[in-house]
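Residue-level structure breakdown
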Amino acid sequence: MIIRPEGNGFIPNNQTTKVLIEALGRLYDAPYVTWSDFPVELVWQLFNQFKTKCAWEDRHNSVILKTFEFKCRKRLSDSFYSARKKSKKPSWVLPHIWEDLLRQWTTEKFEKKIKQRKKARASEKGGSMHCMGARSMGTARRLLENNMGGR
């Protein structure tokens, strides 16, 4: 599949996300709670798996890698948030790893991080508020351009 970067995502977005999730599920082999916990070697393995299904122009190499890491970080975070809320193991997490994750998520240190992040998200100071719905900024921009006659 030929892809190109756009904003914090790829075009085509949905198909590329599926490839990313597939690679993540195939190589997720330890209870990494966040993307930052992943060893560099594993990140490169994931990226190499991604490259077996996706191709792009060489001029996009650095942006593709940066976007790939952003998408992995976001997908992992979203998947685990949903899993914690529903108390349901994602299909790509092995049972013994799931047990380790559950233990880590119930520590005082992790609970403190969650409260701190929740407070930061609720704050209306600085930053920006997301109000585009369930679509990437690139998709939203294209829709606006199309609705405004291609400006």
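Remember, it's a predicted structure, so these values are computed and weren't measured experimentally.

1. Side note on the overall build of the protein chain
- When helices and strands are counted, the protein chain shows 6 helices and 2 strands.
- What you see in the protein chain, going N to C, is helices and strands ordered as β-β-α-α-α-α-α-α.
- The proportion of buried residues among the 151 residues of the protein chain is 31%.
- Put simply, of all contacts in the protein chain between residues at least 6 apart along the chain, 58% involve residues at least 24 apart.

2. A short note on the packing of aromatic side chains
- Under the criterion given, the structure shown has 17 aromatic pairs.
- Arranged with centres 5.9 Å apart and planes meeting at 85°, the rings of tyrosine 28 and tyrosine 32 form a pair that is edge-to-face. For the pair shown, tyrosine 28 and tyrosine 32 are each scored as buried.
- With a centroid separation of 6.5 Å and an interplanar angle of 80°, the aromatic rings of tryptophan 35 and phenylalanine 68 are classed as edge-to-face. Remark: phenylalanine 68 occurs in helix α3 (residues 61–86) and tryptophan 35 occurs in the loop between α1 (13–27) and α2 (40–53); sequence separation between them is 33 residues. The pair tryptophan 35 / phenylalanine 68 is uniform in exposure class, with both members buried.
- Arginine 84 extends its terminal NZ or CZ atom over the ring of tryptophan 105, reaching a point 5.2 Å from the ring centre.

3. Observations concerning unusual backbone geometry
- With omega at -5°, the peptide bond leading from isoleucine 11 into proline 12 counts as cis.
- Mapped onto the secondary structure, proline 12 falls in the loop between β2 (9–11) and α1.
- Phi is positive for serine 87, close to 50°, though the residue is something other than glycine.
- A relative accessible area of 63% places serine 87 in the exposed class.

4. Some remarks on helix α5 (residues 108–122)
- The end-to-end C-alpha separation of α5 is 21 Å, in line with the 21 Å expected for 15 residues at 1.5 Å each.
- Across the 15 residues that make up α5, only a small minority, 1, are buried.

Conventions and cut-offs
- Residues numbered from 1 in each chain as written.
- Predicted model: local features only at pLDDT ≥ 70, side-chain atom pairs only at ≥ 80, totals over all residues.
- Heavy atoms only, no water.
- Helix = DSSP H or I, 4+ residues; strand = E, 2+ residues; numbered from the N terminus.
- Buried < 20%, exposed > 50% of the residue type's maximum accessible area, 1.4 Å probe, protein only.
- Contact = heavy atoms within 4.5 Å.
- Phe/Tyr/Trp six-rings, centres within 6.5 Å; stacked < 30°, edge-to-face > 60°.
- Lys NZ or Arg CZ within 6 Å of the ring centre and 35° of its normal.
- Expected span 1.5 Å × (residues − 1).

Note that every value here comes from positions in space, so none of it alone points to a role or purpose.
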